[in-house]
Every structure is written in structure tokens, then in C-alpha cells.
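# Notes for the structure review
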Amino acid sequence: MQKLRIRNKRINDDLLMKKRREELDKWPTGKEVDFDEAVAYQKSLPDSKIWWKVMVKLREEGRMSVFPRAGTPILENMIELCQSLRDSGVVLIPVTTDSYTRLGQYEKVEEILKECYKTGKPLLNGFPIINYGVEKTRKLIESVDAAFSPRAAGGEIAIAAGMTTAEAGMGFLGFGSYSKNMTIRELVESSQNGMRTIGWYADRGVILCKDLHGWLPSAPFPLSVNIVCLIIEAVTAAEQGQKALYPLVHCMGNIAQDLAWIRLAPRLIREYLDKFGYQDTMITGTCPAQTPLFPVAMDPGGAFAYLTYVSMVGALSRSNAVDLRSIDEGAGVPTKETHTMSYRAAKWIFDVVREQKIEFDVKESEAEEKVTEIEVRAILDRILELGDGDIIDGTIKAVESGVLDSPWSPNVTVKDNVLGVRDARGACRYLEFGNLPIPDEIKEFHREKIAEREKLEGRKADYHTAVKDLWSLSKGKIAGLPPYDK
Amino acid sequence: MQKLRIRNKRINDDLLMKKRREELDKWPTGKEVDFDEAVAYQKSLPDSKIWWKVMVKLREEGRMSVFPRAGTPILENMIELCQSLRDSGVVLIPVTTDSYTRLGQYEKVEEILKECYKTGKPLLNGFPIINYGVEKTRKLIESVDAAFSPRAAGGEIAIAAGMTTAEAGMGFLGFGSYSKNMTIRELVESSQNGMRTIGWYADRGVILCKDLHGWLPSAPFPLSVNIVCLIIEAVTAAEQGQKALYPLVHCMGNIAQDLAWIRLAPRLIREYLDKFGYQDTMITGTCPAQTPLFPVAMDPGGAFAYLTYVSMVGALSRSNAVDLRSIDEGAGVPTKETHTMSYRAAKWIFDVVREQKIEFDVKESEAEEKVTEIEVRAILDRILELGDGDIIDGTIKAVESGVLDSPWSPNVTVKDNVLGVRDARGACRYLEFGNLPIPDEIKEFHREKIAEREKLEGRKADYHTAVKDLWSLSKGKIAGLPPYDK
Amino acid sequence: MKKAPTIITGTVGVDAHVIGTKVVSRALRDAGFNVVELGMQVSPEEFINVAQETNADAILMSSLYGMAELDLKEFNEKRREAGLGDMLLYIGGNLVIGRYDPKEVEPRFKKLGFDRVYPPETDIVAVIDSDLKKDLKTKGKM
Amino acid sequence: MKKAPTIITGTVGVDAHVIGTKVVSRALRDAGFNVVELGMQVSPEEFINVAQETNADAILMSSLYGMAELDLKEFNEKRREAGLGDMLLYIGGNLVIGRYDPKEVEPRFKKLGFDRVYPPETDIVAVIDSDLKKDLKTKGKM
Ligand code: B12
Ligand code: B12
């Protein structure tokens, strides 16, 4: 096998500058971006607005913050919303953009935005950063003492406005969860061309941080595929100059697994960053995330329980951030009030549990960590083998052959030959392995665990089990016992 | 030292029957009680209405139920309330009586009850069992498929109506938390005279269950005094014929301590029941309880977090019941809606966490268990010494001399020379030992732990610290870190 | 027995949520329908074109992201123009932005041409067994 | 300097909650007042009798259990009869049953004779420093 490497056409600087301008010229507000002024503005920001510094400070001081999702189209309402998040202890604030912005339909956004102001109603499902432009977005950021992150779209307008995260690397989220026809080759193309921007800022002393999502599991599904993708995202981002990143770790509701994955993901990411030569890229923390379906709209009690469960897992694992949604997640875009009520609950857990510095062992967690580690290494080894040492080549071939695969994808170019279900204790197991190169004895382990559930329920696990499991956590029923008195 | 024993004037059967009738004659509804019919009715109840059987079933099947507090004066509303509790998974249902009933002011209750029906408003803070009488209360119990427990008052009307818990033994709750002038001698008197009733039913095959409260800690205060009183309550109840009981274990918010106490309390109760010769009295489970002040009315997020925290502790300790209050506990008597929302949150945690059968160790928990055990044994040994082997004599002398003491008591005959505060990790420590016979090295341990907090806060712990700590858990701040950015 | 009715599924507009419509499609297939599964981000025009091409008996449209009304402004007119006025039209999902009362939202979508409007997290199997089969029979399509 | 004003504390009726009135009493003592601490379950008559005996300047009454209005029905009349019309009267705690809006409840207790009415979980130290000292000064008692 060849030396580990990342194939990369590093774009030349002139072309980079031209491409950046082209991107910005797609909407008039792009003119507001003066690259040098943007750097100067970023450098003038206080530490409390710089994402990576906020995360490191939280970690060093043994604190935590919720990292929520929030966006509403009217600027004044957005300011109020973010201020109320800050008041409930959130220091990592997202700016969720609307779906039209994400697809570059700025004209349409402009029209609807006018309608929003006319009616006073939030007709967009997020805050359209591009349409607002630098100056107005700065107004948002300057009115709240916290670090800001544009979600999914915002480009250099977000950076110039003082947000301090940015995307680089191969984003499996866009490929696996948001696109219908994009091929893995197209993902590589698009992510390698544009993304030197982050490096450009880094060269000038501005470190933008990034959260790694990996390929969303979308349902109760073992996290090994996701962690493989976290690693791919990390090394490709580092290659493009990203100096600070941290993984979201998708919590599925089984404590032993959740804790195992929270330990495993950053450990393996570090290992591979180092292996590929990116010792200077830092991991700023770990962010357990609330992933499976949320409790239904009519069950705020369950929703609170779910979010405090994930907060508790975050606190017990001494994470510095937790990716949480509000109790209205199953109902629709939340209001300011449900946001703050939700994160005050999380903060209560953080403050009460995190500060106890509890040292504890969960017996099965070590075994789960080992199983997932073997799976991750098996998939990664095969990828590097397929790429003859080049992780990008390998990834392309892996996706095309289903060596890397994930269920429920909207993307028609994805194999989608895999499926997960829970076992008798709610842990996620592979029901269908597709073409994943999981070692035989590990496959056997999954089958045995599923068999335990089958015995308990008196029926074979199949597609319908997987569909039912979409809601199992949401309904507070991870498997196991039949209803009381039945 | 003499052989362990309980001084008891066992009342003769004729006198018992006379006293029971006298008690019932205090209000006209007492006539509805026919003792033999009551026994027959109890024996006709299905298992799902028999408290001890429900608890044992929960334990055997690895399930949990909330044990809430709920009472509202209008019968129809009470039925609706209990039905909605049942719908949210509660199978252990309380009938909290109003404060006037607790003090025997039935005439006043009757008047207000009329007013309740006239206005449709709940003017009493509970359900007045005595005034309703057997027939109407049976209506309540027959309309909901769950086990019922009268809270604090209800007497034989409650039993005849089909509730399946009853009090016997020396109730420290009434002495330490509800009464102003009662002496410990009076408590002994009153609890020894009347309470053979439970034994009378047991003799006829009707086992009524009982929750042990111990002397309420009322504030962050180490649980050793409370556990001593749990033991006293258990053996005195057993002596009077109680065959089934279980401890409420007051959770103070420090996980290591909470888990330690949940293990320790039933273990020591069993040990002393056996030592005193009550091998046939069963412990039907353990019930962690939400004890310190509740989050303030304006913070439903914190309230949800608090109740899910206790639910989580209950689930991790594999308890079969958890004593929970609703998110409105800080505001006032909760509505049906807040009750059910709250317990659905708890049920989510129970179902998700309990069924995972997590095996785990919390490092400091063992040490906490040892410390509390030493304290409990030291106090109990002194009590038995003072009583020359008689636990009742010993208890009387112990309370009179402050060997048994608890803070914040309304009772003017209590020493109230002790005080607790939290340490730097939120664990409860003795700030003032009063006359408690705690061994010197353990006293030193408490002082060291408090010193850690004093260092962190830069001020000596004193009365004001204890007052502040009344709210520390309620505010989600068990001690520790200064506010963010300060 | 008649030929199985043809049903089109998909999420409208630029909505990327796909899991729901996948579950819906499979349930329809399992129930014996002939399903044309368009997946996510289907424009109103595409729904209409495919309906014409396949001579579809119904569309079971999904929208999760809250902006369905914006996406569907001209849909009803166009489908009438396309001669699909008789085709059965259902929509389900999270139909507007934020928590909402389905009763208030239903008439708005009925105005947009939908025969039936479903609140979030509707049980699709129940809908097939009750509403869909009944409506198709009424229309003589089954 | 004048003699320290005399303040009576306690929970009214058959209310057994005592922690709050203990904290209130200690805070008053710490602030230099002469405190007559009656503890829990103090009847309206006892408050009046003790006020007469001690020539008290104020009563800081507590009620947590929600039934204060029932307990205080005839209180105001009786205290006027007892010649205590000028004495300062405060009440605090959980004043009615259930979650309530303090603004709605305040006038009801003002009618019962109270000069000031406090919502649940009021900070007693702040009350002493602001309201109580001011009111006592206005009445010439401090
Ligand atoms: C998974 C998810 C995602 C994934 C989607 C992955 C994918 N490609 O499918 C990702 C992360 C990509 C995502 C992105 C976004 N999401 Co999203 N997402 C969810 C989530 C968590 C679950 C949705 C889901 O898969 N449900 C499971 C399926 C099986 O259920 P279902 O779709 O409801 O379908 C069932 C029934 O409704 C019914 N049904 C469905 N269609 C139809 C049609 C008919 C006719 C009938 C009869 C029945 C029927 O049958 C199905 C089976 O029972 C929900 C919140 C939740 N519910 O927990 C938010 C949610 C839908 N998302 C939301 C939003 C706003 C977004 C984003 C804009 C930004 C964001 N907040 O992240 C982007 C939008 C991107 C875009 N362009 O569309 C909002 C919508 C808000 C609103 N309407 O007010 C929600 C409610 C979250 C929230 N509260 O903010 N999301
Ligand atoms: C501890 C407690 C008990 C203990 C009391 C022990 C004791 N002897 O003191 C026990 C277990 C015995 C008990 C019993 C009951 N309780 Co209780 N109890 C509580 C609890 C948990 C805390 C109360 C407390 O001690 N607070 C701490 C002190 C320091 O705060 P505080 O009293 O509010 O006082 C502060 C301020 O309000 C202010 N303040 C107080 N008085 C005054 C006066 C003035 C003039 C001013 C300016 C300020 C002021 O200063 C204090 C310091 O800041 C509350 C719920 C909660 N808040 O969490 C329920 C609560 C008060 N209890 C309640 C009830 C109904 C009962 C019971 C009837 C039955 C039951 N549910 O268990 C019985 C009543 C018995 C009786 N006859 O009174 C209800 C009252 C409901 C309502 N009003 O609608 C509450 C709110 C719980 C609930 N939601 O149901 N209770």
C-alpha cells in the first residue's frame, strides 16, 4: 500500500480570488465583502465571539453549552431570539438559513422576505444571510455576546459579518442528506475547488472552526459508517487549511453505545489527522447530538425527557457542547419561548451534573467501543486499499461500490443496501450489511444481538422493524418490554 | 447491652375495636365502615389495586412507576385527574388529603366542600377522604385501574374504600415536619396505641403497604439521620403488624450520594428488620424522592430537568418507583395537564434507561456509602445504648438530647442544633453536628469537604450558606463554578 | 379485478426530507398499488408532467420543511389546465412553519386543490386502509 | 436612635410550612429588628393577641399551603376591633391554590387588610431593605 495521502488539486491563488468574487457576485450584497476588511474585522472580534476559543474555554473551565439550531427571517426577531438563547446560557449560537438560500434562490428569498416584513410573519424557515448581506448580519452578531455559526449557507458574507465557523472538506451531509442526484465524484470536485477560502483566512491568522457531521445515520443505525465519514471530513478539511474542528457524535439513545462513540470518534479523528500529517489541526471538543426522530408534537414531556437525556450523556461524558433541539422539534420551527425553556432544562443538567466531575464506568460501553472501532478500521482500511493509499480515491470507489453506505438517503446515486434496527436493550445493530466490509465475527455479534430482540418480540426483524424503530426513541420505547399488564 | 427489643404496650382486642369505632364516629361517614365487609372488599380487589403486589410486579418485570402527589376536592375532577395519571403510566396513585382533614376539622371541610361544588373551584388543597366516606371514595378507586394510597389522613375509611397502603409505626414525618408542640413521648404514645389496626387486617390476610419517610431532611443535609429514622419507622411498623414496606430515599442532587443512599437504605432496613426478628416483613422496593426545593414557578425548563434527573437516578439504580412532583411544584397545586406532562417525561426516562439494564460504577459512590453507613451505625448504636437495647426508649432519649436531630423543624421540642451545606461538588455535608454522635474522623471528612468549597468561593460556610443552599438545586447550581465569564 | 391504481409520491419544492415519502411509497407498494416514487425536491411541474405521462390516479405529496404553501401557489391552476382536475390529491407532513393547529391549516390547503390534508406524523398505513381506498372506490378507480 | 421596631412572624391557619418564616425571622433579626417568631400554624386570633401584648409595629405573615383566604376571612375586622388598624401588615408565600398570577391575587389580599402582598419565593432581604424600612419610616415607627 502506498503512503497515506489526499489527492488534491490545490487551486492557484489567482483563480481562488476570482472564484470567490464570482460566488459573491451571485447577489448584490456580495459587493459588501472586502476581503482585507473582513480579515481585519475578524481579528477585532473578542474571544467570546470566536467559536474555537469559546469551545476551548468551555472545555478548560469544565463547562458546557447547548449548540441549538435557530433561524427566523425577520432581523429584529432574530436578534431577540439569539439574545434569549444567550440569556438561557447558550454561547454557541447557530444562524440556520432557510431552504431557498441553501439552494441559491436569492431572488425568491428577496420576494418572500418583503412579504415577511409586510405581514410580520416568518414565512421562511430560517435567516437568509446572503440576502441580508454583511452590514445587517453584523448588526445581529454585534448585538449578542456569543460565537455565531452559519448553518449550511452564508458563504463569505457570514465570515465577513463576524461568524467564526466555516465549512471545508468533503461534506457528507450535503451529499448524503440534502442532494438527490449529486455523485460522490461531484462532491469531491465541488469540495476541493472552492474551499481553499478557509486556508486563505488561516494564512492570515483567522481560524474558522468547523463541526463535522459525517454521513447522517438518519435512523437507529450503528455509528461506524458515520465515524468513518467524520474521519474523511476531518482529514480533507485539514488538507484545505481548516485548523480547528470537532465532531458531532450522534446519540441514538443507548447509553453504553452513546458513551462509547463519544470517546471513540475524537480519538480516531485525532489518530488519522496525525497519520495524515495534520498535527496542527486541533479538535476543539466533542458535541453529542440529539439524532433520531423527536417526540411527537403532542408530547412535550417526552421531548423534555429526550433533550435532558442527551444533555445528561453530554455531561457524563464531560463534553463541552451538546447539539440539542427544542421540545418543539417534532412540531415545527420553535418559538423563542420554547427554545429558551428547552435550553434552560439542558443548562440545569449541565450545571448540576457536569460540575460533579463524576467518575464512572459503564460496563458494556467498553465492548461497544471495541466493536465500533473494529468496524471503523475495517471500512477505512478497505477505503485506503481501494484508493491505494489515497483517501479521496478510496472514498469515491467505496461509495460507488457500497463499501461506504447508509440507509434512507435521498440521493439516488447511493446504494442504500444497509439497514439498522435496535436490539433488546436499544443498542443499534446492522440488520442488513450491504457491502460494508464488516468482519464476519462482528457480523455474527450483530445477528446474535438482534436475535435476542426477536426472541423477546416473537417475530423476525425486517424492514418493518426498522420503520418502527424510526420512532422507538421518540416514543420512549427503545425495545424490550411489552406494555404493562399485557 | 440488653437484647434488641421494642417496648410496646400491645393494646387488647376489645379496646382496639372500641378505639377504631371511636375514631370513625368523629364524622358521620364513619358509619359506612363495616369492618368485616371492609376485609371482604379488600380481598376482592384485583392484584393491580394492591400496592405491595403492584410494586413487587414492577420490580420483577424490571419496570418503574412514578409515585406522585395529587389531590383535588371535587370528586369528578379527582377521578379525571387519577385517570389521566394512569394514562401517563402511573400505577401507584396517591390521594393527597387537604390540610384541614389532616387536622380533623371535618366540619370546616364540609362547608368548604359545598362551596367547591357551588363555585366549581378547588378551594381545598387536597381530596377530603373522610368527608367523602366509603361509598364515594370507592367510586374514585373503582374508576381507575391502579393501586391507591391515602396521603396523611383517611383512616379506615380509606382502607374500607379499597386503598391499599396504611401507616403504622413511629412516623417522624408527623413529628418532625407537621407538628409544632408534639413531644417525642407523645409520638410514641400515639403511634403505639392506635396502630394495631394494620395488624388486625394482616391477621385477616389483608396486607397494607407503607412508605417510610424518616425525618425529612428539609434541606441539603446528609441522609444519615433520615436513614436512622427509616430504620426506626420500619421496625416499629413491623412490630405493629406491617408486613410490607419500602423506603423513600431523599435524593439531594449529588449522583454519588444519591446512588449510595439508594443502595444503603434498604440494605440497613433489611438488616435491622431481621435483627429485631421481623424476617416476614417484606421490603417491596425503593423509591428515590425529589426532595430539595423545586425550581421556581417561572422556570419550567429547570423543573423538567430536575424531575428527569431524579427519574434518571431512579432508573440507573433500578428502583421500581420514583417519588416525583410535577413541574408546577414550585408554583402551586398542579393541574391535570401539568401532572401528566411531567410524568410522561419521567416515563420516557424510565422506559428508555431502565430497560437498558445498564451496569455501571460511580467511583465516589462507594466511599459515600461507607461514610453514611458509619454515621447511621454510630447514631443507632448510641440510641440502642441509651435505650439499653430498647429502640423506643433509646429514640426518646436520643431526640431529647439531640443525639437524633434535624434542621428546619417546625417542632419547638426539637433541638435543631444541626445544619447542612453542600460541598464543592454538591454533596451534602454536616456544617453543624450538634449532638449527633458522629465519629471524629468522619467529622473531619465533612470539614475537609466543606473547606474545598470555601476555597472555591472565597468565603467561610455559615448559616447564610445553608440558606443559599436551600435553592441551589432548584436553581441548577449545586455549588462549584462561578458564573460564566466572571 | 381492475388494474392497480397508480399513485405518485414525493416531497414538493426544495424540501429535502425524504424518509417520510420513502415510507409512504413502500407502504403503498405493500398495499398493492402501482407507485411512481419521485423522491425529494419535486417541482409542482414535475408532479403534473409525471401524472399526465403515467395517467396517475392520485398524488400523495409530502412537505416537511414548512414552505409548502409558497411552493404550491400556482399548482392547482396548472393541474386543472393539464386536465388533471379529477385526480385525487393528498398532502401530509409539517405543512407550515412552526407548531400549528391542523384544523386551521386544512382549509388553506383544500383551497390549493387538495382533497385531504394530514397533520404531522400521520400513520400512513391507516390512511391507505381508510381514506385512500374509499376515495379511489368513490371515483371508480378501484 | 429609636427603639428597634417589633415585628411578628408566623404562618397562618393550619399551615405547617415553617422554613420560610424561619428564614424571614432570622433576616429580620439580622437587620436589627425585634422579632416575635410564632412559627407555624398560628391562628388569626393569636396574631392579634400577640400584637396587642407586644405592641407590635408589623406582622410579616406567611402562607404556603394555598388556603390563606379561608383562614383570614374575619381577620381584618377583628384586628380593627382590637385597635390594630394602624399596624403594618404584609403577607407572602403561595397564597392561593395552584399556579397564579400575583397581580390578580394582590387586590384580594389588600381587601383583607394587607398593606403589601408578595408572590412565591420573594427575596426577603430585598423586601426588608426597600419596602419594610420605608413603610415603617412613613408610619414614624423607625
Ligand atoms: C431528519 C430531518 C432532517 C434531515 C432530513 C434527511 C432527509 N434527507 O430526509 C435533514 C438533517 C437533512 C433535515 C434538514 C432540514 N430540516 Co429537517 N427534520 C428532520 C426530522 C428530525 C425528521 C423528519 C423525518 O424524517 N421524519 C420521519 C418520517 C418517517 O416521518 P414523516 O416525514 O413525518 O412522514 C410520516 C408521516 O408524516 C406520513 N406522511 C408523510 N408524508 C405524507 C403524505 C401523505 C399524503 C400522507 C397521508 C402521509 C404522509 O407518513 C410518514 C410515515 O408515517 C424533523 C423533526 C422531527 N419530526 O423529528 C425535522 C424537520 C422536519 N426539519 C425541519 C427543517 C426546518 C429543516 C431545515 C430547513 C433546517 C433545519 N432545521 O435543519 C432543513 C431543510 C432542508 C431542505 N431543503 O428541506 C423542520 C420543519 C419545520 C416546520 N415545518 O416548521 C422540522 C420539523 C424540525 C424543526 N422543528 O425545525 N431535516
Ligand atoms: C418543604 C415543603 C413541605 C414540607 C414542609 C416542612 C415544614 N414543616 O416546613 C411538608 C412535607 C411538611 C409539606 C407539607 C405540605 N405541603 Co408543602 N411544600 C414544601 C415545598 C417543597 C417547599 C416549601 C419551603 O420550605 N420553601 C422554602 C422557603 C425558604 O421558602 P418560602 O416558604 O417560599 O419563603 C421564602 C419567600 O416566600 C419569602 N417569604 C415567606 N413568607 C413571607 C412573608 C412575607 C411577608 C414576605 C415579604 C416574604 C415571605 O421569604 C422566604 C425566604 O426567601 C413547597 C414547594 C416548593 N416551593 O418547592 C411545597 C408546597 C408549599 N406545599 C404544598 C402543599 C399543598 C402541602 C400539603 C398540603 C400537602 C402536600 N402537597 O404535601 C402539606 C401541607 C401541610 C400543612 N398543614 O400545611 C403546596 C402549596 C400549594 C398551593 N399553595 O397551591 C406547595 C407549593 C407544593 C405544591 N406545588 O403542591 N410541604
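Small disclaimer: the values here were computed from a predicted structure and weren't measured. (Residues numbered from 1 in each chain as written. Chains lettered and ligands numbered in written order. Predicted model: local features only at pLDDT ≥ 70, side-chain atom pairs only at ≥ 80, totals over all residues. Heavy atoms only, no water.)

Once that is clear, we can look at the packing of aromatic side chains. Between two aromatic rings, the relevant description is the distance of the centres plus the angle of the planes. Using the criterion set out here, one finds 35 aromatic pairs over all chains in the structure. A network of ring pairs unites the aromatic residues F294, Y306 and Y309 of chain A together with W348 of chain B as a single cluster. Positioned above the aromatic ring of F35 of chain A, the side-chain terminus of R21 of chain A is 4.9 Å from the ring centre. Directly above the aromatic system of Y272 of chain A lies the positively charged group of K275 of chain A, at a separation of 4.5 Å from the ring centroid. (Phe/Tyr/Trp six-rings, centres within 6.5 Å; stacked < 30°, edge-to-face > 60°. Lys NZ or Arg CZ within 6 Å of the ring centre and 35° of its normal.)

Before going further, it helps to spend a moment on the coordination of the cobalt atom of ligand 2. Counting protein donors around the cobalt atom of ligand 2 gives one, H17 of chain D (NE2), at 2.2 Å. By the secondary structure assignment, H17 of chain D is in the loop between β1 (6-11) and α1 (19-30). (Donors = N, O, S within 2.8 Å, 3.2 Å for Na, K, Ca; no water. Helix = DSSP H or I, 4+ residues; strand = E, 2+ residues; numbered from the N terminus.)

Our focus in this paragraph is the site of ligand 2. In the region of ligand 2, 41 residues are neighbours, and S177 of chain B together with A16, H17, V18 and S62 of chain D sit closest. Residue D15 of chain D places a side-chain N or O atom 3.3 Å away from an oxygen atom belonging to ligand 2. G66 of chain D has a polar backbone atom sitting 3.3 Å from a nitrogen atom of ligand 2. Put simply, the parts of the chain that give the shell around ligand 2 at least two residues each are α5 (99-102) and α9 (172-178) of chain B together with α1, β3 (58-63), β4 (88-93) and α6 (124-138) of chain D. Here the residues of the shell around ligand 2 are counted per class, giving 24 nonpolar, 12 polar and five charged. (Near = heavy atom within 4 Å. Polar contact = N/O pair within 3.5 Å; in protein donor to acceptor, adjacent residues only side chain to side chain. Nonpolar A, V, L, I, M, F, W, Y, C, P; charged D, E, K, R; others polar.)

Attention now goes to the confidence of the model for chain A. Any residue range with low pLDDT should be treated as having predicted coordinates unsuitable for detailed reading. In the predicted model, chain A carries a mean pLDDT of 93, and the fraction of residues at 70 or more is 98%. Ranking the helices and strands of chain A by mean pLDDT puts strand β6 (residues 282-283) of chain A first, with 98, and helix α10 (residues 184-194) of chain A last, with 82. (pLDDT = per-residue confidence, 0-100.)

Time to look at the interface of chain C and chain A. Counting from both sides, the interface comprises 23 residues of chain C and, opposite them, 33 residues of chain A. Along the contact surface separating chain C from chain A lie two salt bridges. One salt bridge connects K22 of chain C with D416 of chain A, and the closest N-O pair in it is separated by 2.8 Å. Elements supplying a minimum of two residues to the side of chain C that touches chain A: α1 (19-30) and α3 (68-71) of chain C. (Contact = heavy atoms within 4.5 Å. Salt bridge = Lys/Arg side-chain N within 4 Å of Asp/Glu carboxyl O.)

On to the arrangement of the chains. Here the protein chains form three pairs of chains in contact, of which the pair with the most contacts is chains A and B. The closest approach of any C-alpha atom in chain A to one in chain D is 18 Å; the two make no contact. The smallest C-alpha distance separating chain C from chain D is 25 Å, and no contact links them.

The subject of this paragraph is the sheet that holds β3 of chain D. Residues and elements named next belong to chain D. In space, the five strands of this open sheet follow the order β2-β1-β3-β4-β5, with parallel pairing throughout. Two strands bound the open sheet, and with one partner strand each, they are β2 (34-37) and β5 (116-118). Taking the axes of each pair of neighbouring strands and ignoring which way they run, one obtains an average angle of 20° across the sheet. In terms of strand pairing, β3 meets β4 through six bridges, oriented parallel. Bridging across to β4, L60 finds its partner in Y90. Taken strand by strand, helix α2 (residues 44-54) contacts β1, β2 and β3, and its axis lies near 165° from that of β1. Contacting β1, β3, β4 and β5, α6 crosses the sheet at an angle of about 160° to β4. (Pairing = 2+ DSSP bridges. Axes fitted to C-alpha atoms, helices over the stretch in contact; angles between N-to-C directions.)

Between the two copies of this chain, the relationship is a rotation about some axis together with a displacement along it. When chain A is fitted to chain B, the best match, at an RMSD of 0.0 Å, comes from turning it 180° and sliding it 0.0 Å along the axis. Taken together, these values place the two copies in the relation of a two-fold axis. When C-alpha distances to the rotation axis are compared across chain A, the minimum falls at D361 of chain A, with a value of 2.6 Å. Take the interface residues of chain A: 100% of them recur as interface residues in chain B, which is what a same-surface contact looks like. (Least-squares fit on C-alpha atoms with pLDDT ≥ 70 in both.)

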